[in-house]
Amino acid sequence: MNRISLRALGLLCLVLPALPNVSSADFEGLEGEARLEWYLGNAVSYAEEVPKPASVIGHEVGEWHVSHDRLVQYFKALAKASERVSLQSTGRTYEGRELMLVAISSKENIARLEEIRAQHMERVAGNLDSAGPTVVALGYSVHGNEASGSNASMLVAYHLAAADDAEINGLLDGTIVLIDPSLNPDGLSRFAQWVNSNRGKVAVADRSSREHSEAWPGGRTNHYWFDLNRDWLPAQHPESRARLAWFHRWRPHVLADFHEMGTNQTFFFQPGVPSRTNPLTPAENIALTNELANFHAAALDEKEVLYYSAESYDDFYYGKGSTYPDIHGSIGLLFEQASARGHIQESRNGRLGFPYAVRNQFLTSLSTLKGAYALKDRLASNLFEFHSKARASARKDRRGGFVVADPGDPARTQAFLDVLAIHKVEVYRAARAGEIDGVRYDPSDSFFIPMDQPQYLMVRAMFDTPTTFRDNTFYDVSAWTLPLSFGLPFKSVSRGEARALRGQPMPAVRERVLGEPDPQAYAWTVDWRDFYAGRTVYKALQAGARARVATRSFSMQGADYPPGTVVIPAGLIAEADKAAVMAVLGEARDHGVRTGSLSGGLAEEGIDLGSPSLENIEPPRVALVVGRGVNAYEAGEVWHLLDQRFDIPVALLDVGALGRVDLGRYTHLVLVDGNYGNIGEGAASAMGDWVRAGGVIAGQRRAATWLQASAKLLGKSDDTKQKTDKAPKDGGEAERPEQRDYSERDEWEAEHVIGGAIFGARLDVSHPLGFGFHSRSLPVFHRGTEWVAASANPFENVAVYAEEPLLAGYASQKNIEQLANSVSVRQTRLGRGSVILFSDIPAFRAYWFGTSRLWLNALFFGSAVERVSP
């Protein structure tokens, strides 16, 4: 890393208190406010009127894990008592907990905070040349069980709000400090409850003790078990949307993101692995990150804290809190502290105490402020010149922008536009008709995203489809192309084409006029091509309707109805229920769902409304298998999809209880990725009997391969065709064993895994699992090296990967060849029921709108498949 002058490092004294060189063991030997002094030192005096953390939360920081409600209480008390502090409520979590943004600066700056923010944003836009305060954002504990950050936030805030020191006053005059004390309140609360309720008067360091082994799913994730540190780009959750809103309102010069890692580690700060930085990140950003690292090193060296900075972690995926700022002119910083995962725990470095972890987060919070203060001029130039440099790069790009089309699913398209709006990406109506993949689109059905805009780099990050990389090792996914995830047709256009395509700015919400259902109709239709059609159908069923799905097309009253159209006959609804059903159909337009009214049952072409080709739809009663061994992320994705998007209740069944549960209560059993080897033979046999009696079981990734291998469940050997490697030759000379240098192990592992990439599949849109899809070409998200074995019955292979499947991201040539022409989606009839298998992750991170329909089709049409002999 680059070295800066000793004079610059000397600025550390501006805020860093003089701390005694002690371990957290000394903390345990102290009592009361002496423990606060252990963190803060005694070189600075503090204003008496400013409340200390213990006066509000009831204990010294580090004695217990703070609960979110007490954290909120402390920051509100601090804002009430100190003129240096301003608190803003920014939203609520799924569980109703308050999200906060706390601003700390001099009282003069706080008095004119909105004026300073407005001027700062004028500078960001290039409209103002004068200097202003440096804006530094500190975000804590986006992973709820990495709690040292949130606990340290109270110390940082108290120190800045109460310290009576000329040098600190000078720093606050020139700095706006933004603190988000808890980026994940629901996870933090879940974790605090666990560790506090499982510790005694005497803390236990034994790592096998219950305190250090959280119950599934643990406190890392939010309410629906999503990793919020992957949601900065997808922006699907209230916590993320709240923080993105304040990020774009403030556009800080620096954003620091405080985490924890394995107990046996030390402390990490960026830059991380140099070869794994996203190539879109500007060089000056990397240089400033290296410069700031010197301040962290100096702070930790003084306390003899072990650390590392150029290994393990990367800066590639822009959906993380330390990487998203890098593509917006801010400097994103990642900190990882070895975790006690409780109050004290054994480690290879000795007994790791929670107060020690808290103090290191406190130290590096302050070193971030010191570094930002020392480098304020360069940070200002980096941020305020960012947009002009981005636009200059855009003008050199041979592409003028991207055209994206609405394939006939306005709600899905609106969700895509919402994400672009959150990220401040400029979108315009297409000024003329065009063609994408052989399909012609009118201007009303397409829109244009120009390269020449302030968010040029963000557009590239969301639309590019790279498949080759400088380094093939990724800490997270290697691809996240947004239009592919939403299943929207798109293409790049030349600079010349772009000038003719740019129409008027796209409104935040596209207006769409939908007709009212006729209460006197013979039957009503629901267009299954609309994303939220499943919600309408489920609510209609609950209201008393009887619904059927057309497995063949028909034409009536001058309109064509494709397979997948849902028909609700009026004659099958009890008179007492008709008003409720009509209310549901009337509300459908609020969700962008098209309904139709038919005056009779005789078709002009195709099937009539009494045809046996209309299959009954039963209200799905869904059970999702959860618990230890199950992938909580993927379970949460399905739960969130059905519960939040479609208002379908989901029973969460613990995997250990499957042998004791009456499966007859459910129509569908969902198993996501996980280890199901511990399911007993009795439970597997009961599941098989339940399927044969008419149940539908759907498995994803390793659950799919377990279902195929489970003879007890299937009751027969699965008739499959599976690709295998060529058998070794018999006889002959022994082959020389493969040898590779140990130093190449990371590269070797990268060749054998698919960390997350986008592939193309061919979907049978005539199959009930393919109903509602607009194209046979289906982009899918795949990770891992498990995929479903093909069936000898070709009608069961619903989606098959393309001959050249890789669309975006990294996969080794060997994995690409194995994936090509293998099965993505398969459905097999078993008795009166069905087994549905997914190789991919249809609802990945809640933003894969393009494939999440597969889950709805499995629920509503999983029993509509006729048995076909091969």
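These figures come from a predicted structure and were not determined experimentally.

1. Description of the nonpolar core
Counting 172 residues, the largest nonpolar core has F416, L420, F463, Y676, I697 and F860 as its most contacted members. Excluding its chain neighbours within four sequence positions, the residues that come into contact with F416 are V404, F447, F463, L482, P483, F486 and L488. Listed in part, the 69 residues of the second largest apolar core include L78, Y140, A163 and F269.

2. A look at the packing of aromatic side chains
Within the structure shown, the criterion is met by 46 aromatic pairs. Their ring planes at 50 degrees and their centres at 4.8 Å tell us that W225 and W639 sit as a pair that is tilted. Of this pair, W225 sits in the loop between helix 10 (185-197) and helix 11 (238-250) while W639 sits in helix 22 (residues 632-645), and the two are 414 residues apart along the sequence. When sorted by exposure, W225 lands in the same class as W639, which is buried. Ring-pair connections join several aromatic residues into one group, and the members of that group are F402, F416, F447, F463, F486, F490, F531, Y532, F646 and F849. Across from the ring centre of W64, 4.8 Å away, lies the NZ or CZ of R199, which sits over that ring. Cation over ring: K376 sits above Y373, and NZ or CZ is 4.8 Å from the ring centre.

3. Remarks on the confidence of the model for the protein
Close reading of the predicted structure is inappropriate where its pLDDT is low. On average, residues of the protein score 92 in pLDDT, and 94% of them are at 70 or above. Predicted confidence for residues 18-22 stays below pLDDT 50, and this span has 18 contacts to residues more than four positions away or in other chains. pLDDT under 50 marks residues 724-729. Its contacts with residues more than four places away, or in other chains, come to 2 contacts.

4. Overview of the sheet that holds strand 8 (residues 267-269)
One open sheet holds the 7 strands; their spatial order is 2-3-6-4-7-9-8, and the pairing between them is mixed. Every interior strand has two partners, whereas the edge strands, strand 2 (85-92) and strand 8, have only one. Between one strand axis and the next, the sheet turns through 20 degrees on average, direction left out of account. Both strand 3 (residues 98-104) and strand 6 (residues 175-180) contribute to a ladder of 3 bridges, which runs antiparallel.

5. Re the environment of A118
Within the element layout of this structure, A118 appears in helix 7 (residues 113-124). Along the primary structure A118 and K578 are separated by 460 residues, whereas in three dimensions their C-alpha atoms are 54 Å apart.

6. Quick notes on the pairing of strand 2
Bridge count between strand 2 and strand 3: 7 bridges; the pairing is antiparallel. Considered in strand 3, the bridge of R92 is made with E98. Two successive antiparallel strands, strand 2 and strand 3, enclose a turn made up of 5 residues, where G96 displays a positive phi of approximately 85 degrees.

7. Remarks on unusual backbone geometry
In this chain, W216 is followed by P217 through a cis amide linkage whose omega measures 5 degrees. In this fold, P217 is placed in the loop between helix 10 and helix 11. Phi is positive for R341, close to 45 degrees, though the residue is something other than glycine. Residue position: R341 is located in the loop between strand 9 (331-338) and strand 10 (344-347). Not every positive phi belongs to a glycine, and D647 is a case in point at roughly 55 degrees.

8. A look at the side chain of H237
Structurally, H237 is set in the loop between helix 10 and helix 11. Residue class for H237 comes out buried when judged on its relative accessible area of 1%. For H237, the contacting residues outside a window of four places in its chain are Y94, N222, F226, L228, D231, H640 and A846.

9. Observations regarding the sheet that holds strand 37 (residues 833-838)
Strands sit in the order 28-27-29-30-37-36-35-32-33 across an open sheet of 9 strands; the sheet is mixed. Lying at the two open borders of the sheet, with one neighbouring strand each, are strand 28 (650-654) and strand 33 (777-782). Strand-to-strand twist of the sheet, defined as the mean angle between neighbouring strand axes without regard to direction, takes the value 25 degrees. Inspection of the sheet shows strand 27 (residues 622-626) paired to strand 28 by 5 bridges, in the parallel sense. Looking across to strand 28, one finds that V622 is bridged to V650.

10. Thoughts on helix 8 (residues 148-162)
Taking 1.5 Å per residue as the helical rise, helix 8 with its 15 residues ought to reach 21 Å, and the 21 Å between its terminal C-alpha atoms agrees with that figure. Most of helix 8 is tucked away, with 15 of its 15 residues classed as buried.

11. Here's the deal with helix 11
Taking 1.5 Å of rise per residue, 13 residues should cover 18 Å, and helix 11 covers 18 Å from first to last C-alpha, within 8% of that figure. For helix 11, the set of buried residues is E239, S240, A242, R243, L244, W246, F247, H248 and W250. Two residues or fewer past helix 11, R251 is found with a positive phi of approximately 40 degrees.

12. Observations concerning the pattern of salt bridges
Enumeration according to the criterion identifies 40 salt bridges in this entry. For E146, the salt bridge identified is with R220, shortest N-O distance 3.3 Å. Within this pair, whereas E146 is found in the loop between strand 4 (134-140) and helix 8, its partner R220 is found in the loop between helix 10 and helix 11, the two being separated by 74 residues in sequence. The salt bridge partner of D476 is R845, with a shortest N-O separation of 2.9 Å. Within this pair, whereas D476 is found in the loop between helix 17 (456-463) and helix 18 (482-485), its partner R845 is found in the loop between strand 37 and helix 28 (849-861), the two being separated by 369 residues in sequence. Residue R845 is classed as buried on the basis of its relative accessible area of 11%.

About the cut-offs
Residues numbered from 1 in each chain as written. Predicted model: local features only at pLDDT ≥ 70, side-chain atom pairs only at ≥ 80, totals over all residues. Heavy atoms only, no water. Core = buried A, V, L, I, M, F, W, Y, C linked by side-chain atoms within 4.5 Å. Buried < 20%, exposed > 50% of the residue type's maximum accessible area, 1.4 Å probe, protein only. Contact = heavy atoms within 4.5 Å. Phe/Tyr/Trp six-rings, centres within 6.5 Å; stacked < 30°, edge-to-face > 60°. Helix = DSSP H or I, 4+ residues; strand = E, 2+ residues; numbered from the N terminus. Lys NZ or Arg CZ within 6 Å of the ring centre and 35° of its normal. pLDDT = per-residue confidence, 0-100. Pairing = 2+ DSSP bridges. Axes fitted to C-alpha atoms, helices over the stretch in contact; angles between N-to-C directions. Expected span 1.5 Å × (residues − 1). Salt bridge = Lys/Arg side-chain N within 4 Å of Asp/Glu carboxyl O.

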